[in-house]
Amino acid sequence: MRTLDENREEEEEQRRRSERLKAARLWRDAALRSRKLRGGLRQLTLCSKNEQLVLPEDISEVEALNLGNNSLQELPEELAASLGKLRVLELRRNRFTAAPRALLQLDQLLELDMSHNCLRTLAEGVGRLTALRKLCVSHNRIQALPPQIGSLQNLEELDVSFNLLLGLPRTFCGLGRLRALDADHNKLNHFPPEILALGQLEELDLSGNRFGALPANICRLSSIKVLWLSSLQVSALPDGLCRLQQLESLMLDGNRLSALPPSFGLLQRLKMVNLSSNRLQDFPPALLSITGLEELYLSRNALSHVPEELGRLRKLVNLWLDHNRIRRLPDSMVELQNLEELVLQGNQIAVLPDHFGKLSKVNIWKVKDNPLIQPPYEVCMKGIPHIALYQQELAQAQPAVKPRLKLVLMGRKDAGKTRLRRSLMGTGEEETGSRGVELVHWEADAHRQLTFMVFDLSGDPSFDPVQPFFLSPGALYILVVNLKSYQPKTFHDHVGRFLRLLCAKVPHAVVFVVGTHADLCGEAELEEKMLDIHLQIGLQEAADVQDLRRRAEEVELALEQGFSVRSSSPHVLFYGVSDRNLRRRWAQLDFLLKRRLQVLSPVLSVSCSRSQRNMGRLREKLLAVAEHRHIFPNLQRVLPRSWQLLEELLLQSSELWLSWWSSARLGLQAGLTEDRLHAALSYLHESGKLLYFEDSPALKEHVFHNLPRLLSILNVLFQRERAALLDRLLGEGERGDKGRASLLMEDEKGAVLTVTHLQQHLEAFLQHGLLPAHVLRLLLRPLVQTQPDLQLIMELLQKMGLCYRVSQPPDGAAAWFRFPSFVRSEEPQEGSPAPPASPLFSMEQLHVQYSFPALFPPGLLARFSVQIDGHVVQRADSRSQIFAYRGKVPVVVSHQPARAGQEAETLSIISHASLPNIWTAWQAVTPLLEELDALLHEWPGLMYSVHILCSKCLRRGAASPHVFPGELLTQPRPDGLTEIVCPKNGSERVDVALVYPPTPTASSPK
Ligand SMILES: Nc1nc2c(ncn2[C@@H]2O[C@H](COP(=O)(O)OP(=O)(O)O)[C@@H](O)[C@H]2O)c(=O)[nH]1
Ligand SMILES: [Mg+2]
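Being a predicted model, the structure only gives us computed values, none of them experimental.

1. Details of the packing of helix α12 (residues 641–652) against helix α14 (residues 674–686)
So, step 1. The geometry of α12 relative to α14 is characterised by a closest axis approach of 10 Å and an angle of 70 degrees between their N-to-C directions. When the interaxial angle is binned, α12 and α14 end up roughly perpendicular. As α12 packs across α14, the resulting crossing turns out to be right-handed. Taking contact as the criterion, the partners of W643, L646, E647 and L650 in α12 are, on α14, L677, A679, A680, L681, Y683 and L684.
So, step 2. Classifying every residue of the contact of α12 with α14 by side-chain character gives nine nonpolar, no polar and one charged.

2. What to know about the environment of R886
So, step 1. You can see R886 is positioned in strand β31 (residues 881–886).
So, step 2. Judged by its relative accessible area of 26%, R886 falls in the partly exposed class.
So, step 3. In this structure, the C-alpha to C-alpha distance between R886 and G870, residues 16 residues apart in sequence, is 10.0 Å.
So, step 4. Setting aside residues up to four positions removed in sequence, R886 forms contacts with H871, V872, V891, Q923, A924 and P927.
So, step 5. In terms of polar contacts, R886 uses its side chain to reach the backbone carbonyl oxygen of H871, at 3.2 Å.

3. A look at the site of ligand 1
So, step 1. Around ligand 1, 16 residues are found, and the nearest of them are D414, K417, T418, R419 and C608.
So, step 2. With respect to ligand 1, the backbone of A415 contributes an N or O atom lying 3.1 Å from an oxygen atom.
So, step 3. Here an oxygen atom of ligand 1 sits 2.7 Å away from a polar atom, N or O, in the main chain of C608.
So, step 4. For ligand 1, whose unbound accessible area comes to 580 Å², protein coverage reaches 81%.
So, step 5. Split into classes, the residues belonging to the shell around ligand 1 amount to three nonpolar, seven polar and six charged.

4. Quick look at the nonpolar core
Proteins that are soluble and globular tend to have nonpolar side chains buried together.
So, step 1. Of all hydrophobic cores here, the largest spans 139 residues; its most connected members are F470, Y477, F819, Y850 and L907.
So, step 2. Element by element, the count of residues in this core is highest for helix α21 (residues 918–936), at 10 residues.
So, step 3. With residues near it in sequence (within four places) discarded, Y477 still touches V408, M410, F470, L471, S472, L502, V506, A509, V510, V511 and F512.
So, step 4. L201, L229, F264 and M333 belong to the second largest nonpolar core, which has 131 residues in total.

5. Here's the deal with the packing of aromatic side chains
So, step 1. Applying the stated criterion across every chain yields a total of 20 aromatic pairs.
So, step 2. The interplanar angle of 45 degrees and the centroid separation of 5.6 Å between the aromatic rings of W643 and Y683 together place this pair among those described as tilted. Taken as a pair, W643 in helix α12 and Y683 in helix α14 lie far apart in primary sequence, 40 residues in all.
So, step 3. Among the residues examined, W643 registers a relative accessible area of 4% and is labelled buried.
So, step 4. Taking the relative accessible area as the measure of exposure, Y683 reaches 7% and is therefore buried.
So, step 5. Considering the side-chain rings of W660 and Y692, the 6.2 Å spacing of their centres and the 20 degrees angle between planes classify their relative orientation as stacked. Taken together, the positions of W660 in helix α13 (residues 660–669) and Y692 in the loop between α14 and β23 (702–703) put the pair 32 residues apart, joining distant regions of the chain.
So, step 6. We classify W660 as buried; its relative accessible area is 5%.
So, step 7. Each residue in the set F463, F718, F765, F819 and F822 is aromatic and connected to the rest through ring pairs, giving one cluster.

6. Topic: the confidence of the model for the protein
So, step 1. Summing up the model confidence of the protein, the mean pLDDT is 86 and the portion of residues at 70 or higher is 88%.
So, step 2. Taken element by element, the predicted model of the protein shows its lowest mean pLDDT in helix α1 (residues 4–38) (47) and its highest in strand β19 (residues 476–482) (97).
So, step 3. Overall, residues 1–8 carries pLDDT values under 50, and its contacts beyond four positions in sequence, including any with other chains, amount to nine contacts.
So, step 4. Note on residues 733–744: pLDDT under 50 across the span, and 19 contacts to partners over four residues away in sequence or across chains.

7. A closer look at the sheet that holds strand β26 (residues 769–772)
So, step 1. An order of β26-β28-β27 is seen for the three strands of this open sheet, with the pairing classed as antiparallel. Edge positions in the sheet fall to β26 and β27 (804–805), since each of these pairs with one other strand and no more.
So, step 2. Pairing geometry for β26 and strand β28 (residues 816–823), over three bridges, is antiparallel. The residue bridging L771 from the neighbouring strand is F817, located in β28.
So, step 3. Here helix α19 (residues 787–799) sits on the sheet and contacts β27 and β28; the angle it forms with β28, its principal contact strand, is near 40 degrees.
So, step 4. In the packing of helix α20 (residues 860–867) onto the sheet, the strands contacted are β27 and β28, and the crossing angle to β28 comes to about 155 degrees.

8. Structural notes on helix α6 (residues 417–425)
So, step 1. Across the nine residues that make up α6, a large majority, seven, are buried.
So, step 2. When α6 is considered as a whole, its buried residues turn out to be K417, T418, L420, R421, R422, S423 and L424.
So, step 3. Packing partners of the buried residues in α6 comprise β16 (404–410), β17 (438–445), β18 (450–456), β19, β20 (510–516) and α11 (615–627).
So, step 4. Where α6 ends, the next residue or the one after it, G426, has phi of about 70 degrees, a positive value.

9. Let's talk about the pattern of salt bridges
So, step 1. Counted by the stated rule, this structure contains 34 salt bridges.
So, step 2. Residue D456 pairs with R421 through a salt bridge whose shortest N-O separation is 3.0 Å. Of this pair, D456 sits in strand β18 while R421 sits in helix α6, and the two are 35 residues apart along the sequence. No difference in accessibility class separates D456 from R421, as the two residues are buried.
So, step 3. Of the charged contacts, one joins R879 and E826 as a salt bridge, the two residues approaching to 3.6 Å between their closest N and O atoms.

10. Some details on the sheet that holds strand β33 (residues 905–914)
Sheets are built from strands that pair by backbone hydrogen bonding, the pairs being arranged parallel or antiparallel.
So, step 1. The strand order across the open sheet built from seven strands is β30-β31-β32-β33-β29-β34-β35, with neighbouring strands paired in antiparallel fashion. Bordering the open sheet on either side are β30 (873–877) and β35 (963–965), each of which pairs with just one other strand. Adjacent strand axes in the sheet meet at a mean angle of 20 degrees, parallel and antiparallel pairs treated alike.
So, step 2. Across three bridges, the pairing between β30 and β31 is antiparallel. When the sheet's bridge partners are listed, D877 is paired in β31 with I882.
So, step 3. On top of the sheet, α21 reaches β29 (843–852), β31, β32 (889–896) and β33; it is set at about 160 degrees to β33, its chief contact.

11. A closer look at helix α5 (residues 384–395)
So, step 1. If you check α5, its first and last C-alpha atoms are 17 Å apart, about what 12 residues at 1.5 Å a residue would give, namely 16 Å.
So, step 2. Listed in full, the buried residues belonging to α5 are I384, H386, I387, A388, Y390, Q391, E393 and L394.
So, step 3. On its buried face, α5 sits against β15 (364–366), α4 (377–380), α12 and α14.

Rules of the game
- Residues numbered from 1 in each chain as written.
- Chains lettered and ligands numbered in written order.
- Predicted model: local features only at pLDDT ≥ 70, side-chain atom pairs only at ≥ 80, totals over all residues.
- Heavy atoms only, no water.
- Axes fitted to C-alpha atoms, helices over the stretch in contact; angles between N-to-C directions.
- Helix = DSSP H or I, 4+ residues; strand = E, 2+ residues; numbered from the N terminus.
- Parallel < 35°, antiparallel > 145°, perpendicular 65-115°, else oblique.
- Left-handed = near helix turned anticlockwise from the far one by under 90°.
- Contact = heavy atoms within 4.5 Å.
- Nonpolar A, V, L, I, M, F, W, Y, C, P; charged D, E, K, R; others polar.
- Buried < 20%, exposed > 50% of the residue type's maximum accessible area, 1.4 Å probe, protein only.
- Polar contact = N/O pair within 3.5 Å; in protein donor to acceptor, adjacent residues only side chain to side chain.
- Near = heavy atom within 4 Å.
- Areas by Shrake-Rupley, 256 points an atom, 1.4 Å probe, with all protein chains shown as cover.
- Core = buried A, V, L, I, M, F, W, Y, C linked by side-chain atoms within 4.5 Å.
- Phe/Tyr/Trp six-rings, centres within 6.5 Å; stacked < 30°, edge-to-face > 60°.
- pLDDT = per-residue confidence, 0-100.
- Pairing = 2+ DSSP bridges.
- Salt bridge = Lys/Arg side-chain N within 4 Å of Asp/Glu carboxyl O.
- Expected span 1.5 Å × (residues − 1).

Pasting the structure below:
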């Protein structure tokens, strides 16, 4: 059997192979092109020394001369005389501000490249170079071409892209032999009519100019094969365009098209058309008749339907339909058997057509961000072969026998969750009170055999690091509010923050809001509070959406401005951020905007006291929602038999948790090969049977299948009540003794543990989160019987990121553990290593700040504190700060709660070093940044941003230092940039090494 890794390697190898092939093809084309042009020419490449050009003796024989990349501003005047045979001259990437005079005498020249210089005009003398066939002056600052350009009668290729041209001279019509014209990214404010006279033109690029209309007589370009009209403001195509009989490639992305002309289908030679980022709501029917089409790009439109006739486009190789609103794919899609790239990301697709396995040539497959059910998301993400296998297996499956839904009760402590659960289930009026997280099966509908797996969360903040583990996609949530204690001004605490928490952890989750204690409220009070909750939920949502929109618009604007504007001045928003990073950010914001919570209305008020007001209604509503096909499709799903078998096998296993390998063995018994196991486990996770965190690098190797046992352990450790903890430590039998300092028991080394000892330990636990292993063992009785049991449990807790083993324990010998979420003290414990003294004046500070405007994920700091332990030494932990060292370099992690209710809550990672050694500070913070990014990956719906604080402002002690965008962390340092002006104090310059890391950090998952 193959292991998963082998499969991955093979996939990786295939990908590399195909990339090599592609690259090889590109090289071959490029090489062929240059051979064609330069075949047999005698070539010479020269570099200048100190900006002085030294010419060799025999230069008169040279036919192709490359002087590129030399910072030249002039050419020696006498050069022309000695270059009688020159045919090709490359002057790209120099500093010419005008065409050198020597050049204008080279009237035998066939090719001239002056791109990437500082030309403001093209000298009139250019008209003398009448032999020129190819001229490139792209990436200069030319505002107008001289009329003399019309004399270049032999010109075949002209590249004037990336200049400042406003129009073309009339004489341009004279370039009768012109075959290729690149005039993209200029400032042309209309389609230059002069181009229409160029009857030989085959390739034309006018992208990125400023006009919005195409001329009706564009059909005069009768030879045109390749036409690039991207990023203009075109809102309709003239019919004339459809008569360009030779057209093969058409780029129209980034325009404002909402439809194509009906005659578009006349373009029968078209092989590639790009209509991405337009405003198409309907799939243009005309495309369906162009049966020779090989590449079709329709990304980022507003398509909701793809017609069945798509199957006619049998030659399609690339089909991109991502970021539309497509709900269903046509069954005929599986007939497109030449497809190699199929991109469907960011749509509303729930079901894939059968026989997907036919699309076996697809090697680029993107389907993320779709509400896929059949095959399930987990299967779809793995690629077409897995989909094919699943579909085959399903053909032989039996219907799911027992529909089961995970139901999660959340809300503040004492909201009434536990009592509500009991009332719903009709179990007796037992004592409630805090027991931590509880899990019960509730057979809600015996007739349908519908079972809820009810997770009754503890509202106590001490469970903050633990609770997010139980929030998973595919569950139904009830947010419980105590209506008696609710006040409009406490909305955030009772309701608002829970909704934000849920949205950040499980975007698009379905949630009911239920008010309890109705029996204790008057009718008027009740009505008023319910209405208030309803209104404030709406207000909070509107404010959050508005904030996201504003951020998305900022990104859009920055993208529109272009990278060159963004990198021109640090005053600009998103200074220096690459288009790629901005697009990634935009996609994340777009995802957040699309995946809002689904809050079911109305808010229901119930009473769990004897009157049981509305309890029946709530029960009915829960069942109705669970039955809703669109909301909980999992319940309707037909499950492969192997998945059911796996569940039964897992339940029989008595281990505390299973490694991936043990699960894989059970999977095989159930008939599931390892590659299909992920999907089955994800399903079991979502339906509440176990915990399996496929996306977490730290946890994905484990399956927590024994939930009752896991919960009872967590429930002991995460309550923070002194009395209850002491009770457990002293054990059932000794309860009566606890007042006396009596002999109690011996620890493993035979040392005597007295009640006083235990009380001291408990104090250290509650203040500093510290406990030695043998006391933990006492605490966990009777869940832990043996030493190996304890070891397993501590391993489990460390894996979950809930505690770490202290490397320099207080008493030197025994194993000690720290639970960071329990650290209450603002000061590190006595005896901890001293924090680094405040930085010397010669030190520079690196300060990376994560800010969380709406929600700081509960428990994040505690989990992060554990996660960084492997990277640091000599740490000193306090409630909101960790001082430590990476090697000899100090690092500080610092959590700042929101101030004045206005600013965002922040988490900072800080280090110091002198400027020449600043790379050591980068080395110190980088692994911590990566750990934090990995943790934040567990919060797919979370809004946060990252900044690099200006080290000059920090040194000045500025109250609000300037911040550089965190995206720069993932970008290479720009060539040639050494200093950046700090906008907060125009005269100060920050060394680039204080903003960009020496090498880009692994880019964050968002
Ligand atoms: N009168 C009344 N008491 C309630 C109601 N719901 C819960 N309680 C009481 O409120 C207290 C806290 O309830 P509990 O279910 O433990 O809250 P939890 O922390 O959210 O689980 C308990 O004393 C319950 O008996 C209700 O609807 N009416
Ligand atoms: Mg409770």
